[in-house]
Amino acid sequence: PGDCSFDPLNLATKDYFKNTQDFLLNLLPANDADTEAPVTATRPAALILRDYREAEIRHGRLAMLAVVFWPLQQMLDRLLIP
């Protein structure tokens, strides 16, 4: 629901999570000098989209917590600090 297939920049198929993970894994030193980094296959678009949806939910929940706690912190600050 809510998916109108509107993606003019084709962001739903770009795998930034996998690119970042590969970059960080390449920074680690190899165990043996003769071994090369394994070649990873591309992930399906549905899996990439699922990761983006999960990240969107996480960020939305964090924003909802911030909306509640920021005014609360402001009110408590006035009460506790003379």
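Below is a short write-up of the structure. (Residues numbered from 1 in each chain as written. Predicted model: local features only at pLDDT ≥ 70, side-chain atom pairs only at ≥ 80, totals over all residues. Heavy atoms only, no water.)

**Observations regarding the overall build of the protein**
The test is simple: Helix and strand assignments come from DSSP, with helices taken as H or I runs of at least 4 residues and strands as E runs of at least 2, each series counted from the N terminus. Relative accessible area decides the class of each residue, using a 1.4 Å probe on protein chains only: under 20% of the type maximum gives buried, over 50% gives exposed, and in between gives partly exposed. Surface exposure here means Shrake-Rupley accessible area, sampled with a 1.4 Å probe, where a residue is shielded only by the protein chains that are shown.
Secondary structure summary: the protein contains 2 helices and 0 strands in total. Across the 82 residues in the protein, those meeting the buried criterion constitute 6%. Here the protein has roughly 7700 Å² of accessible surface; of this, 66% comes from carbon and sulfur atoms.

**Let's talk about the pattern of salt bridges**
Selection rule: When a carboxyl oxygen of Asp or Glu is within 4 Å of a side-chain nitrogen of Lys or Arg, the pair counts as a salt bridge.
All told, the structure shown has 3 salt bridges when counted by the stated rule. For Asp22, the salt bridge goes to Lys18, with nearest N and O atoms at 3.7 Å. Placement of the pair is Asp22 and Lys18 together in helix 1 (residues 16–27), with a separation of 4 residues, close to one helical turn. Given a relative accessible area of 23%, Asp22 falls into the partly exposed group. As a salt-bridge pair, Arg50 and Glu54 come within 3.7 Å of each other at their nearest N and O atoms. Of this pair, Arg50 and Glu54 both sit in helix 2 (residues 45–80), 4 residues apart, which is roughly one turn of the helix. For Arg50, a relative accessible area of 42% translates into the label partly exposed. Through salt bridges that share partners, Arg50, Asp51 and Glu54 make up one connected network.

**So, a nonpolar patch on the surface**
Using the following cut-off: Each patch groups residues whose relative accessible area exceeds 30% and which form no salt bridge, using 9 Å between like charges and 5 Å between nonpolar side chains of Val, Leu, Ile, Met, Phe, Trp and Tyr.
On the surface, a nonpolar cluster with roughly 1100 Å² of combined accessible area is contributed by Leu62, Leu65, Val68, Phe69, Leu72, Met75, Leu76, Leu79, Leu80 and Ile81. Mapped onto the elements, Leu76 comes out in helix 2.

**Looking at helix 2**
In an α-helix, one turn spans 3.6 residues, which is why side chains three or four residues apart end up on the same side. Condition: Here a helix's expected span is defined as the number of its residues, less one, multiplied by 1.5 Å. Contact definition: two residues touch when any of their heavy atoms are within 4.5 Å.
Taking 1.5 Å per residue as the helical rise, helix 2 with its 36 residues ought to reach 52 Å, and the 51 Å between its terminal C-alpha atoms agrees with that figure. The complete set of buried residues in helix 2 reads Ile48, Asp51 and Ala55. On its buried side, helix 2 packs onto helix 1.

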